[in-house]
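Chains, contacts and geometry: an overview
Given next are the chains, with one letter for each unit.
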Amino acid sequence: MAFTRATGKHRRPSRMHRTTARAAGVAALTTTGVLSTLAAAPALAAETPAPEDTGLTPVITIGDTVAAKIDAQATAQQHAAEQKLAEQAARVKAAALAKKEREAKERAAREAERERLNAFVPPISGSYVSTGYKTGGSLWSSGSHTGIDFHAMTGTTVHAVGVGTVVETGWGGAYGNQIVIRMADGMYTQYGHLSSIGVTVGQQVTAGQQIAVSGATGNVTGPHLHFEARTSPDYGSDVDPVAYLRHHGVNV
């Protein structure tokens, strides 16, 4: 009886093809954990190549190493990010603190300037009022004293009582040599009977600054400083100079 060889799709797989398919199946079993159960079967064990022959072990080993490196890199990046955030927060905090300190200094400077502008001193240090405001008598053309007199010998330093601008200097008739200053609060102060003048019109002065020395020029009976507080630079706009100085903290 004659036999014909199988051809086409019914042809028997070659030995190499079968071996390759079997190895692939073993690899699949290995990944699913089934191989350990079936390995006891002699036939299967005889046909199963060693794990190192399948190429799985090197792949797994390399994967673990790469994963460890990735973890280490991720950890390092996380630490770097945390450090960057901490540094940024420190900068923000330092900037806020610097701003707060700067604002405090600016407030202190404004307060100091305000106090400087509001500070007043007596026109003659260590003196006293020898003739009061509105004292009557024939010595004054208006019939009464339009200011106050501070006891002072000729050559005594005369101070600006506060911050202001000089608006008038020179001879003032009965006042002799005089200075008129427009104060920062809008009022005017006048200093009369001076022996010499040390400021000029338009000059800015501060409280306690020397502006002249006292004397006995003009209509006087002796050396002293005549001081007036006015609502304008002109004669006749006088107010009580004692009340004005006391309002600004000067004890007279």
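This structure is a prediction, so every number in the text was calculated from the model and none was measured.

This part is about the overall build of the protein. Helix and strand counts for the protein come out as 6 helices and 10 strands. Residue pairs at least 24 apart in sequence account for 58% of intrachain contacts in the protein once pairs closer than 6 positions are excluded.

The next point concerns the environment of S237. Among the structural elements, S237 can be located in the loop between β9 (224–230) and β10 (238–239). Along the sequence, S237 and Y188 sit 49 residues apart, while their C-alpha atoms lie 9.4 Å from each other. Sequence-distant contacts of S237, that is, excluding residues within four places in its chain, are made with A229, R230, T231 and S232. At 2.9 Å, the side chain of S237 and the backbone oxygen of D234 are in polar contact.

Formed by 26 residues in total, the largest nonpolar core has its most connected members in V158, I179, I181, Y191, I211 and L245. Only β2 (148–151), β5 (177–183), β6 (188–197), β8 (210–214), β9 and α6 (241–247) provide two or more residues apiece to this core. The contacts of L245, once residues within four sequence positions are left out, are F120, P123, F150, V161, F227, V250 and V252.

Across the 7 residues of β9, 7 count as buried, placing the element largely inside the fold. A two-sided burial pattern is seen for β9, the buried positions comprising H224, H226, E228 and R230 on one face and L225, F227 and A229 on the other. Pairing geometry for β2 and β9, over 4 bridges, is antiparallel. Counterpart to D149 in the pairing with β9 is H226. With 5 bridges connecting them, β6 and β9 associate as antiparallel partners. From the neighbouring strand, Y191 faces β9, where its bridge partner is F227. Summarising the sheet, β9 and β10 pair through 2 bridges and their orientation is antiparallel. If you follow A229 over to β10, its bridge partner there is V239.

What follows covers the pattern of salt bridges. Applying the stated criterion across every chain, the model contains 3 salt bridges. The residue R114 makes a salt bridge to E111 at a minimum N-O spacing of 2.5 Å. Of the two residues, R114 and E111 both sit in helix α5 (residues 56–118), 3 residues apart, roughly one turn of that helix. For R114, a relative accessible area of 43% translates into the label partly exposed. Owing to a relative accessible area of 33%, E111 belongs among the partly exposed residues under this scheme. Of the charged contacts, one joins R230 and E228 as a salt bridge, the two residues approaching to 2.9 Å between their closest N and O atoms. Comparing R230 with E228 shows no difference in burial state: the two are buried.

Left-over empty space is what a probe sized like a water molecule reveals as it rolls over the atoms. Looking at the largest pocket, its volume works out to about 410 Å³. Along the wall of the largest pocket there are 19 residues; nearest its centre are L139, W140, H145, H193 and N219. In terms of residue class, the lining of the largest pocket is made up of 6 nonpolar, 12 polar and 1 charged.

Positionally, S144 belongs in the loop between β1 (129–131) and β2. Residue S144 is classed as buried on the basis of its relative accessible area of 16%. Ignoring anything within four residues of it in the chain, the contact list for S144 reads K134, T135 and G136.

On average, residues of the protein score 82 in pLDDT, and 75% of them reach the 70 mark or higher. Scored below 50 in pLDDT, residues 16–49 makes 15 contacts in the model with residues more than four places away or belonging to other chains.

With that settled, the discussion passes to the environment of M153. Here M153 lies in the loop between β2 and β3 (157–159). Judged by relative accessible area, M153 falls into the exposed class, the value being 52%. For the pair M153 and V213, spaced 60 residues apart in the sequence, the C-alpha separation amounts to 9.4 Å. With residues up to four places along the chain from it excluded, the contact list for M153 reads S214 and P223.

Quick notes on the rules
- Residues numbered from 1 in each chain as written.
- Predicted model: local features only at pLDDT ≥ 70, side-chain atom pairs only at ≥ 80, totals over all residues.
- Heavy atoms only, no water.
- Helix = DSSP H or I, 4+ residues; strand = E, 2+ residues; numbered from the N terminus.
- Contact = heavy atoms within 4.5 Å.
- Polar contact = N/O pair within 3.5 Å; in protein donor to acceptor, adjacent residues only side chain to side chain.
- Core = buried A, V, L, I, M, F, W, Y, C linked by side-chain atoms within 4.5 Å.
- Buried < 20%, exposed > 50% of the residue type's maximum accessible area, 1.4 Å probe, protein only.
- Pairing = 2+ DSSP bridges.
- Salt bridge = Lys/Arg side-chain N within 4 Å of Asp/Glu carboxyl O.
- 1 Å grid on protein atoms, 1.4 Å probe; cavity = no way out; pocket = protein on both sides within 12 Å on 5 of 7 lines; lining within 4 Å.
- Points joined across faces, edges and corners; volume = space filled by probe spheres on them.
- Nonpolar A, V, L, I, M, F, W, Y, C, P; charged D, E, K, R; others polar.
- pLDDT = per-residue confidence, 0-100.

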